[in-house]
Structures are given as structure tokens and as C-alpha cells.
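Topology and contacts: notes
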Amino acid sequence: ASLTLKGAGTVGGSYTVSAGGAVNLAGGSFTFDPGLSVGGGGFFGIVGPIEVYGVVPLSDFGLGSTVDIGGVFTNTGTLNWTGGTLSGHLTVAPGGVLNILSNAYLVGTITNQGTVHWSGAADIYAAETSVFCNQAAGVWNLEGDALYRWNSLTNINALVINEGLLQKNSGGGSNTFSLGVSFNN
């Protein structure tokens, strides 16, 4: 069973989503209340084009594979990015986790003050407008063999700024930041 929310509103309060069930945010613009809580073992996440605002405090929040996510939001829990496009501005707060689990498209900005796990063969396709900033308190774990690819038709580079800890933890090969990605350490 599932509940699909489209349109606009505030996502707050408590949800219990049974295993096998889902609460799908499928379109519109939603502001997250920092007091939001979700339990029960089911899926709670984004499955359609949406704008997200506020603080996402969830321990297991999903970004689906065909979504376009805009807005300005902060993740204080665990965010599982399984594909799609991030065109908004995401801050991973101290204590927050971003798991990049499959190919993902970055058009907006990621500011990491927590922990990012870049896993497997999940390539990141970065537009010329994109910025990935791993701040001084941030940890960026490279846990596979993948490419941070420039995905643009212009001659403007994507930008990666590392001020924190960037470490290669696993994978027998290498991670590559391709031509067209300005990497500043």
C-alpha cells in the first residue's frame, strides 16, 4: 500500500510506514518540519520532480532514480541517492550522511559537513553549474571505482572543492575526476 503526495505543503508529524509500504513525494514543493519522524520499515522518499525546503531529519530518506530535486534543504539523517538529478542546494549537516548508490546527476550544489559515501560504480555526472564542496568537517569516502564526469555542452567547468577528508576506502581500481571538472584541494 502507498500514499502519494503531490502539490505543496509541510511534511511534519509522525508517519508509520509498514514494511513493503510507501509514502511517495511525487511532485510539487514541500517544506520539511525538523520534528518529522518516520518509522515502520517502509519507503519514505521522493519519486517525482519536487522542490524540497527545510531540514530533513530522517534516518532513511530516499531520492528515487528518475526525479529532479530542486529547492534548498539540509539533511541531518541518512539520505540514499539512487539516481536522478539534484538541481537544488543540499547541505549534509554534521552527523548527516549522503549515500550515492547509483549514477546521479548534479546540476546544483552539495555542501558536505557530515559524511558522503560514494559507492560502487556509481558515476556522478556534473553540469557546469554544479559545485560539490567537502567542507573542513566533511568526510568524503570513495568506496568503489567510478567517475566524477563533466556533463556539459559549454566550456565552463564543474567545480569540486575539498577542504575536509577525502579518502579512498575500497574498490580495486580508481576514482577519476574527468576533464572539465576543476578540483581544488
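Summary of the structure given here. This structure is a prediction, so every number in the text was calculated from the model and none was measured. (Residues numbered from 1 in each chain as written. Predicted model: local features only at pLDDT ≥ 70, side-chain atom pairs only at ≥ 80, totals over all residues. Heavy atoms only, no water.)

**Brief notes about the packing of aromatic side chains**
One pair of aromatic rings is described through two measures. These are the centre distance and the angle between the planes. Counted under the stated rule, the structure contains 12 aromatic pairs. Here Phe177 and Phe183 contribute two aromatic rings whose centre-to-centre distance is 5.0 Å and whose plane-to-plane angle is 55°, an arrangement assigned as tilted. Three or more aromatic residues joined by ring pairs form one cluster here, namely Trp118, Phe132, Trp140, Tyr148, Phe177 and Phe183. (Phe/Tyr/Trp six-rings, centres within 6.5 Å; stacked < 30°, edge-to-face > 60°.)

**A look at the pattern of salt bridges**
Under the definition given, this model contains 2 salt bridges. The closest approach of N and O atoms between Asp123 and Arg149, which form a salt bridge, is 2.9 Å. Taken together, the residues Asp123 in the loop between β15 (115-120) and β16 (124-126) and Arg149 in strand β19 (residues 147-150) connect sequence positions 26 residues apart. The class for Asp123 is buried, based on a relative accessible area of 10%. One salt bridge connects Lys168 with Asp145, and the closest N-O pair in it is separated by 2.9 Å. Here Lys168, found in strand β21 (residues 165-170), pairs with Asp145, found in the loop between β18 (139-144) and β19; they are 23 residues apart in sequence, far enough to count as distant. (Salt bridge = Lys/Arg side-chain N within 4 Å of Asp/Glu carboxyl O. Helix = DSSP H or I, 4+ residues; strand = E, 2+ residues; numbered from the N terminus. Buried < 20%, exposed > 50% of the residue type's maximum accessible area, 1.4 Å probe, protein only.)

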